[in-house]
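Observations on the three-dimensional arrangement
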Amino acid sequence: MSDLGRVVVLAGGLSHERDVSIRSGRRVADALRSAGVEVQVRDIDAALVPALLADRPDAIFPTLHGATGEDGAVQGILSLLGLPYVGSSPAACRRAFDKPSAKDVIRTAGLATPDWVAIPKTTFRDLGTQAVLDAVTSALPLPLFVKPARGGSSLGAAAVHTREDLPAAMVACFAYDETALIERHITGREIAVSVVDTGTGPKALPAVEIVADSGVYDYAARYTAGITEFFAPARLTADEANIVEQLAVQAHTTLGLSCVSRTDLILDADGTPWFLEVNVAPGLTETSLLPLAAGAADLDLGVLYRDLVQAVIAE
């Protein structure tokens, strides 16, 4: 057995991504056990904090997706309890989880990100749907991409190729969040770059290229085996790989993230990488991108997760 002591993996929660979180937690727990770590898996409920205080684990490994695990709230409680955990600080989580805020920070740092506007649902009520949509399409040329300002797994996200498609995309988006992010839809290769820091500074794992059968990397394409083709490492030249890896590390650093993140980007035909969003709690299921990237780097997942835990305990 490892000398790390006991690690509690948090999985589940009450977000729209609960099922994905449970799958991530199961995979992380199995990987840690394979590396000799004692693991307990717990959901988030009213019994969690008393249980952690009564029998304090040596570290927490959150695998919570969506607002439950990425908006900084759970991280804030763990910090108050003085429990080391794998992941970013509450402030960094809040900054990264809110996509418009993250894009503001990224653009200020000089990185490319598609032009965008963030519109709360109430704005359509106050100013009128037609007027707001007309303003959007006048300022941002089609095609567009609509997604919740806060959320993951592509829930409520859709590409919009015609003006007539925009109202339905907005309705679908508002089912998952009160604010919609509408941005220019950049065409090119869809790339994901995971960044890990096991105590020696953030390092990019090999980029993963995503080719969905449907042409859209939506929820089904993410979590249904066999309907999306992944290339790990991505089919990039050495220069292209270096460019996207540098962007991911810079995004991780600029946003003040820790331990692990995944940056999603588009590499256009001119070789420009466009930052789309960053995930502070990337999926760790059997079809998720970080495990694919680790495999491309010949890393054992159990050892990687163990090293992440070891690093936060040593801080």
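Since the structure is predicted, the reported quantities are computational estimates derived from the model, not experimental observations.

1. Section: the packing of aromatic side chains
Evaluated as defined, the whole model comprises two aromatic pairs. Pairing Phe-61 with Tyr-305 gives two aromatic rings, centres 5.6 Å apart and planes at 70 degrees, and the pair type is edge-to-face. Of the two residues, Phe-61 sits in strand β3 (residues 59-62) while Tyr-305 sits in helix α13 (residues 301-314), which places them 244 residues apart along the sequence. Each member of the pair, Phe-61 as well as Tyr-305, is classed as buried. Measuring from centroid to centroid gives 5.7 Å for Phe-124 and Phe-174, while their planes differ by 75 degrees, and the two rings are edge-to-face. One end of the pair, Phe-124, is in helix α7 (residues 121-127); the other, Phe-174, is in helix α9 (residues 166-174), with 50 residues separating them in the sequence.

2. Describing the nonpolar core
Judged by nonpolar contacts, the single largest core of 29 residues is most densely connected at Leu-32, Phe-61, Val-86, Leu-290 and Tyr-305. Looking at this core, the elements that each hand over two or more residues are β1 (6-10), α1 (18-34), β3, β8 (189-196), β10 (208-212), α12 (289-296) and α13. When sequence neighbours within four positions are dropped, the list of residues in contact with Tyr-305 reads Val-28, Ala-31, Leu-32, Phe-61, Leu-284, Leu-290 and Pro-291. In terms of nonpolar packing, the next biggest core, distinct from the first, is built from 24 residues, Ala-102, Ile-106, Leu-247 and Leu-267 among them.

3. Thoughts on a nonpolar patch on the surface
A surface patch of nonpolar side chains, amounting to about 370 Å² of accessible area, comprises Val-49, Leu-53, Ile-77 and Leu-80. Every element with two or more residues in the nonpolar patch is listed here: α2 (48-54) and α4 (73-80). Looking at where Leu-53 falls in the secondary structure, it is placed in helix α2.

4. Topic: helix α5 (residues 90-97)
Among all positions of α5, only Pro-90, Ala-92, Cys-93, Ala-96 and Phe-97 are buried. Along the axis of α5, the buried positions cluster into a sector of 160 degrees, meaning they face one direction only. Close packing links the buried residues of α5 with α3 (67-70), α4, α6 (99-108) and β13 (273-279).

5. Overview of the sheet that holds strand β5 (residues 144-148)
Taken in spatial order, the four strands of this open sheet run β4-β7-β5-β6, and their pairing is antiparallel. The sheet is open, and its two edges are formed by β4 (116-120) and β6 (158-160), each paired on a single side. Each strand of the sheet is rotated relative to its neighbour by a mean of 25 degrees, with strand direction disregarded. When β5 meets β6, the two strands line up antiparallel, connected through three bridges. Within β6, the residue paired with Leu-144 across the bridge is Val-160.

Analysis parameters
Residues numbered from 1 in each chain as written. Predicted model: local features only at pLDDT ≥ 70, side-chain atom pairs only at ≥ 80, totals over all residues. Heavy atoms only, no water. Phe/Tyr/Trp six-rings, centres within 6.5 Å; stacked < 30°, edge-to-face > 60°. Helix = DSSP H or I, 4+ residues; strand = E, 2+ residues; numbered from the N terminus. Buried < 20%, exposed > 50% of the residue type's maximum accessible area, 1.4 Å probe, protein only. Core = buried A, V, L, I, M, F, W, Y, C linked by side-chain atoms within 4.5 Å. Contact = heavy atoms within 4.5 Å. Patch = residues over 30% accessible without salt bridge, like charges linked within 9 Å, V, L, I, M, F, W, Y side chains within 5 Å. Areas by Shrake-Rupley, 256 points an atom, 1.4 Å probe, with all protein chains shown as cover. Salt bridge = Lys/Arg side-chain N within 4 Å of Asp/Glu carboxyl O. Arc of directions from axis to C-beta. Pairing = 2+ DSSP bridges. Axes fitted to C-alpha atoms, helices over the stretch in contact; angles between N-to-C directions.

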